[in-house]
Amino acid sequence: MINLVNKIIDKIENNNASLLNWVGFFFVVVLFRFLLDSFSGLGYLGQFLTAASFLHMFLWYASVVISIIIILHLFSKEKIEKVFKSILIFFPLIFISILLPFVINEPVFRSYSYIFAQNWSQLFGSIFGFFFNFNSVFNFSISIRVEIFVFLFLMAVYIFAKTRNLLKTLLAAFFGYLAIMLFGSLPSFIIIFQNPLSLHPVAYFLNLFYNNFNILFVGHNYFEFLSSQSYNIWLDLISSAIIFPAFVLGIFILFFIYNKNLLKTVVDNFRWERGVAYVVMSFIGVVVAWKYQNIPVQFNFINIFCLIDLALSAFLFHLATIFHNDIYDYQIDAVSNSNRPLPSGKMSSSQFRYLSLIFSLMSLIGSLVLNFYFFILVLASLGLAFLYSSPPLRLKKVFLLNIFLIAMAYLFFVMGGFFVAFPKATINDFPINIAFLTILAVFLAGNFKDIKDFQGDKEQSISTIPSLFGLSVGKKIIGAILFVSTIIFPIFLKISALYFPAIIFGIIFYWLASRKNYSEKPIFFAYLCYIILVMVAVIF
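Now for a description of the structure that goes with this document. These numbers were taken from a predicted model, which means no experiment stands behind them.

Comments concerning helix α19 (residues 401–421)
1) Next: Its 21 residues give α19 an end-to-end C-alpha distance of 31 Å, which sits within 8% of 30 Å, the value for a rise of 1.5 Å per residue.
2) Next: Summarising burial for α19: 19 of the 21 residues are buried, a large majority.

Right under this line is the structure:
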């Protein structure tokens with residue numbers, strides 16, 4: 001029997017379909033589960049489930065599948081790509097809980113529900129009594145129990161076939177069960193951690209919606225008023241916002257297991273300081289909403305996750321743009337940055353395209369979870385990155401316009417943070433002086449990035465201040481421009497206490513830009529310190 005199982009597993013694992021085909025297969029299965037749920041009348045008043053439901057469903061299933069793949073790999077020591085195939089080939093079993101109710105005459109809605117525990121006692125009782133406590137207050141359906149049991153049984157069969165070790169088999173099944181139940185208990189954690197001291201009547205998720213709606217970031221601009229339908233959308237978005245960081249972390253863990261050396265090469269190309277700049281700009285938007293619109297920013301459990309999603313979306317956008325830009329900057333980097341993955345031959349351009357696409361999609365998913373306006377702004381920023389780097393226009397070659405595109409992308413992230421913290425805002429609510437300040441500051445300060453690429457830009461006829469005026473003079477001009485960029489903050493913000501720090505930082509920037517042993521990172525670090533100082537001055 002075991003030999004037969006091994007033959008089946010080998011046939012699955014040796015399937016030569018591409019990774020893209022397997023991912024497409026996963027997406028189609030989730031799509032048809034979404035359609036079956038809608039056809040079964042699980043939508044509001046018999047309507048189709050919403051786009052928020054599909055987003056939620058995709059992130060939930062993806063995160064659970066990633067967790068189970070990691071668990072099976074750890075216990076079987078099998079290659080991650082083989083485990084991936086074995087899990088996905090049985091993924092359509094998720095149809096059991098939506099089809100079986102029609103066979104055994106069971107209400108469908110009981111197979112489509114989280115565990116909504118009000119306290120730790122109910123939560124632990126539900127998790128560890130799932131298969132046996134048929135009188136549970138949550139009334140789990142037979143269909144969902146059958147579906148989860150079948151998955152756990154197949155996990156156990158897989159591990160036993162690979163290891164012949166009963167203890168590993170039982171432990172793998174247990175941890176797989178725990179992963180499924182933890183994700184299935186998501187609203188319970190939100191209820192417990194959102195109100196840890198029982199300060200508000202949020203024992204039920206519906207109470208959380210009605211009593212805390214105005215202080216939470218998620219969902220407001222996806223509907224106009226509170227209702228049963230808007231509650232369902234809000235639940236989907238809240239759940240997605242909590243799941244998204246786990247989804248991102250899971251992707252990177254899979255990448256690490258697949259090829260840790262390749263991941264190290266990818267991480268070495270992150271250019272962290274530039275990514276942090278986008279994160280800081282998005283948080284500036286939150287501060288702007290807080291200060292200029294008197295929006296109460298509450299750092300509760302849900303909002304903290306929203307801010308994490310905001311930071312992840314901004315940083316993932318940055319990763320998408322640098323990997324995309326490096327493809328078209330190959331000849332420049334071959335001269336100025338020969339240690340980067342493409343010119344050094346450590347990675348191929350096709351790998352960079354895949355990474356850019358993956359990071360773009362992840363950034364868009366994170367932004368869509370939070371706020372539709374933020375999603376549009378991230379999408380527009382990706383459009384700017386395309387125009388900046390790619391043919392046919394490749395506007396990076398156009399002097400001044402290139403830095404203006406970067407300034408606009410930074411502005412979009414400031415606005416994105418603003419709309420996340422103030423979801424009910426319109427475009428007219430965003431302070432015009434902050435918009436001008438952001439564009440002008442980045443337009444002036446952003447030129448220092450061209451010093452490092454001087455030689456490559458000159459050979460490729462890319463017009464920058466160093467390539468036009470020479471390296472030595474160009475560094476001094478950029479240093480002077482950096483000095484001016486610090487002075488405009490107290491002018492635009494009308495904060496006189498900032499003038500002295502602005503002058504000090506301006507002198508530091510001039511010295512850092514014009515010194516013989518130039519390095520980009522100290523300027524990034526110093527400018528971020530200055531921006532944080534400005535944010536503190538604005539708040540207080």
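Right, picking up where we left off after that structure.
Observations regarding unusual backbone geometry
Keep in mind that most residues, glycine aside, have a negative phi and that most peptide bonds are trans.
1) Next: Following proline 391, the chain continues into proline 392 via a peptide bond in cis, with omega recorded as 10°.
2) Next: With respect to the helices and strands, the residue proline 392 is situated in the loop between α18 (372–389) and α19.
3) Next: Not every positive phi belongs to a glycine, and arginine 164 is a case in point at roughly 60°.
4) Next: Of note, arginine 164 is situated in the loop between α7 (142–163) and α8 (166–184).
5) Next: For leucine 400, which is not glycine, the phi torsion reads 75° and is therefore positive.
6) Next: Mapping leucine 400 onto the fold places it in the loop between α18 and α19.
7) Next: Judged by its relative accessible area of 40%, leucine 400 is partly exposed.

Comments concerning the pattern of salt bridges
1) Next: All chains considered together, the criterion is met by 13 salt bridges.
2) Next: A salt bridge links arginine 274 to glutamate 520; its shortest N-O distance comes to 3.0 Å. Taken together, the residues arginine 274 in helix α13 (residues 272–292) and glutamate 520 in helix α26 (residues 520–539) connect sequence positions 246 residues apart. Of the two residues examined, arginine 274 and glutamate 520, each falls in the buried class.

A closer look at the packing of aromatic side chains
1) Next: Evaluated as defined, the whole model comprises 54 aromatic pairs.
2) Next: Each ring, one from phenylalanine 26 and one from phenylalanine 58, has its centre 5.8 Å from the other, and the planes form 65°; the classification is edge-to-face. Separated by 32 residues along the polypeptide, phenylalanine 26 in helix α2 (residues 19–39) and phenylalanine 58 in helix α3 (residues 51–76) bring together distant segments of the chain. One exposure class covers both phenylalanine 26 and phenylalanine 58, and it is buried.
3) Next: Residues tyrosine 373 and phenylalanine 419 carry aromatic rings whose centres are separated by 5.3 Å and whose planes lie at 65° to one another, so their mutual orientation is edge-to-face. Note that tyrosine 373 is positioned in helix α18 and phenylalanine 419 in helix α19, a separation of 46 residues in sequence.
4) Next: The exposure class assigned to tyrosine 373 is partly exposed, which follows from its relative accessible area of 34%.
5) Next: Among the aromatic residues, those joined into a cluster by ring pairs are Phe26, Phe27, Phe34, Phe54, Phe58, Trp60, Tyr61, Phe91, Phe244 and Phe247.
6) Next: Its guanidinium or amino end placed over the ring of phenylalanine 130, arginine 145 lies 5.6 Å from that ring's centre, counting from NZ or CZ.

Observations regarding helix α14 (residues 301–328)
1) Next: Helix length check: α14 (28 residues) gives 42 Å between terminal C-alpha atoms against 40 Å at 1.5 Å per residue, within 8%.
2) Next: The buried fraction of α14 is high, at 24 of 28 residues.

What to know about the side chain of asparagine 221
1) Next: Positionally, asparagine 221 belongs in the loop between α10 (205–212) and α11 (228–258).
2) Next: Polar contacts involving the side chain of asparagine 221 include one to the side chain of asparagine 371, which spans 3.0 Å.
3) Next: Discounting residues that sit within four places of it in the chain, asparagine 221 has contacts with Asn371, Phe372, Tyr373 and Pro423.

So, how was this worked out
- Residues numbered from 1 in each chain as written.
- Predicted model: local features only at pLDDT ≥ 70, side-chain atom pairs only at ≥ 80, totals over all residues.
- Heavy atoms only, no water.
- Helix = DSSP H or I, 4+ residues; strand = E, 2+ residues; numbered from the N terminus.
- Expected span 1.5 Å × (residues − 1).
- Buried < 20%, exposed > 50% of the residue type's maximum accessible area, 1.4 Å probe, protein only.
- Salt bridge = Lys/Arg side-chain N within 4 Å of Asp/Glu carboxyl O.
- Phe/Tyr/Trp six-rings, centres within 6.5 Å; stacked < 30°, edge-to-face > 60°.
- Lys NZ or Arg CZ within 6 Å of the ring centre and 35° of its normal.
- Polar contact = N/O pair within 3.5 Å; in protein donor to acceptor, adjacent residues only side chain to side chain.
- Contact = heavy atoms within 4.5 Å.

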